[in-house]
Every structure is written in C-alpha cells, then in structure tokens.
Amino acid sequence: MGSLMTYSAIAAKISAMRSRLLTQEDFSRLAFLESLPEAAEVLKNHPSYGQVFLNADAANMRRAKIEQLLWLSLYRDYSSLYRFASMKQRKFLDLYFMHFEIDIMKKCLRDAASNRRSELDLSIFEDFFHCHSKLDLMGLAECVSIGEFVDRLKGSDYYEPLKNLYDQGISSLFDYESALDILYFIRLWGNLEKTLTSRDLNVVRECIGEKIDLLNLEWLSRAKKHYHLSENAILDFLIPVYYRLRKSQIREMAAADSLDQFLRVLKTTRYGNRIPGENKTFKLLFRSLLDAVYQASGRKNPYSAAIIITYFYFKEEEIRKLITVIEGIRYNLGGKEILSCLAES
C-alpha cells in the first residue's frame, strides 16, 4: 500500500505521457513523407511534440532544428515530472539527471575534437539546464579543442577524469566518451542506496544492472570482432560494475582469443540462454534484450521508481528513431529504406 500511495500520482502522470508515445503506424506515416517541413508539421500536431514545435516555422524547418526540438521535448518531460515528484522522488531524478548532462557534453565534445565550434543552438536548453546543472553549456559549445573543453570543466565532477586523459596525451574521442560513461554509471550505481527505498532499490538495480552488463557485453563483442586489443586494454573500457556477470567471466571474455571463444564463454553466463542462434548483430541483440528488461520492469513494478526510468528509456528510443527518420527524409532514402534503417538501428 505504501508504494501505491507514494507513486500513484506520478504513475498516473507517466501513464498519460506514455500513451502519447508514437506507434509503429506513426513511424510508418513519417517514413513516407517527402520533406522535412512535412515531418515538422506532423510532429507539430502530435501531443508529445506539439508544445515544443508550437512556435516553430515548420515550412522552413531544418534537420538540426528538428533534432534540437525533439530533445527539448525530453527535457520538458523531465521538468514536468520533477515538478510533480515528491522530495524523495526528486532525489532520484537529480541523480538520473547526470545522464542528460553527459549526453549534451558528448555533443559539444565531438565538435571540439574536430577543432570547430559547435553549431548546436544550446540556448533553447539553457533554462532547463540552469535549473538542474552547474555546467556552462554555452561555454562548452564554444570550445574548439579537447584541451579547451577540459579546462571549461574545472570545478565539476567531470574535470579530473578527463584531465587525466588529456595529461597522458590521449586525443581519441572514444576514450573521453568512455570515461564519461564510466563515471556516470559508477556514480549512479554507487548512489542508488542514498536515494531509493529498499524496495525501489532492488527494482531499479535490476534495470540499471542489466543495462551495464549488456553495454559491457556489446563492447566486448565489438572488441573481439573488430579490434585486436589486449585483455587489459579491453577491460579499461568496461564499466567496473558487475551485476549478473561475474568479474571472472568478464575477464575470461576479455581474454578470449577469438569471437567464437568469446561466444562460448558468453553461453556459460546468466545471459547465455537469452542469446538466440539467429543471424543478428550484437548491437541489435543487446538492444532487444534491454528493451525487454525495461518493458518487464515497468509492467511488473508500476508503483516504483522503475516507471520513471522506463519512461525515459523508451522516450529516448523514440527520439533516436525519429532522428533516423528525419535523416532518411533529408537524404531522400524513401519510406521502405527508412523503415529498414529503423529495424536495423
């Protein structure tokens, strides 16, 4: 009864928000549109995106602007839930917010690594981030080198991990993005107990823990398929959190001398019986497994913190797919090819 009373209000709010997520029919309709203004007009008339597209000039809409408005809709959803949440729920949302912060940082970092100022118009996000973040987003967007980007982070939790990489002369964008991801998951995992009740803790740990496991498995499979890295080099890029995978299993997979040997070890893990024999890329396979984890958690635990992270997970998946559609329309791929890209993304 306690969980029902605690989460009944926010559960009702999220239920209404989830009912406005796009259907497969919506994506099929968008995929066969012939221009970005048409796509913007459809989104403008959809309940999930109408507010952020309200004052936009759909007739002259470009891809970058559409993408920014899509992400703005996610941040507005977060703000809406934050205003609706109890003090305890807000503590968890504050912890989860780091995910959005790092996502924006990565966008700015990619431009800085290419020695160019970001073309992102971060001003539309400024009010939102001003309420929840201490980062100088506009300053980060102006950086034209990794060194300048790192310097802009002084005083934040992100500075030391990235400064250590920079001082070692590392310039690979992948290394910096991996460091941010590892920092996020270590911080999130380590602080869950401080923000959640024991019941919520178990539910959320299942989602987050399996996500970490699957992200690690995806990287291990990529490393074995595409790169020739030592065991230690592979382990350096993994998130050092172990949920259903034992540390010894991770090490054995990292030490595997071929993809086939990696798969043999994988079959002995808790995820082994969930790996089908069909010809499917690891990325798609692990994404489908992650979809199933979040779907099941939200369904089994409708009055818990699981409904919050489940909603954000599927909202972000929706935006990712919409960006794929927008890119397809921009390059005149045609509806069938765009739908094929969605199936493979």
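Structural data are supplied above this passage.
The structure reproduced in this document is the subject of the present report. (Residues numbered from 1 in each chain as written. Predicted model: local features only at pLDDT ≥ 70, side-chain atom pairs only at ≥ 80, totals over all residues. Heavy atoms only, no water.)

Tracing the backbone shows E218 in helix α13 (residues 198-226). Not counting residues up to four positions away in its chain, the partners in contact with E218 are K283 and F286. (Helix = DSSP H or I, 4+ residues; strand = E, 2+ residues; numbered from the N terminus. Contact = heavy atoms within 4.5 Å.)

Helices that pack against each other are described as a pair by the angle of their axes relative to one another and the distance between those axes. In the contact formed by helix α12 (residues 173-195) and α13, the axes pass within 10 Å of each other and the chain directions differ by 160°. Classified by the interaxial angle, the pair formed by α12 and α13 is roughly antiparallel. Here α12 runs over α13; the crossing is left-handed. Contact residues: F174, F185, L188, W189, L192 and E193 in α12; L201, V204, R205, I208, G209, K211, I212, L215 and W219 in α13. (Axes fitted to C-alpha atoms, helices over the stretch in contact; angles between N-to-C directions. Parallel < 35°, antiparallel > 145°, perpendicular 65-115°, else oblique. Left-handed = near helix turned anticlockwise from the far one by under 90°.)

Ranked by size, the top nonpolar core spans 121 residues in total, and within it F53, F149 and F312 carry the most contacts. Here this core takes 13 residues from helix α18 (residues 306-330), the largest share from any one element. Contact partners of F312, with chain neighbours within four places excluded, come to L74, Y78, L81, L93, Y96 and F100. (Core = buried A, V, L, I, M, F, W, Y, C linked by side-chain atoms within 4.5 Å. Buried < 20%, exposed > 50% of the residue type's maximum accessible area, 1.4 Å probe, protein only.)

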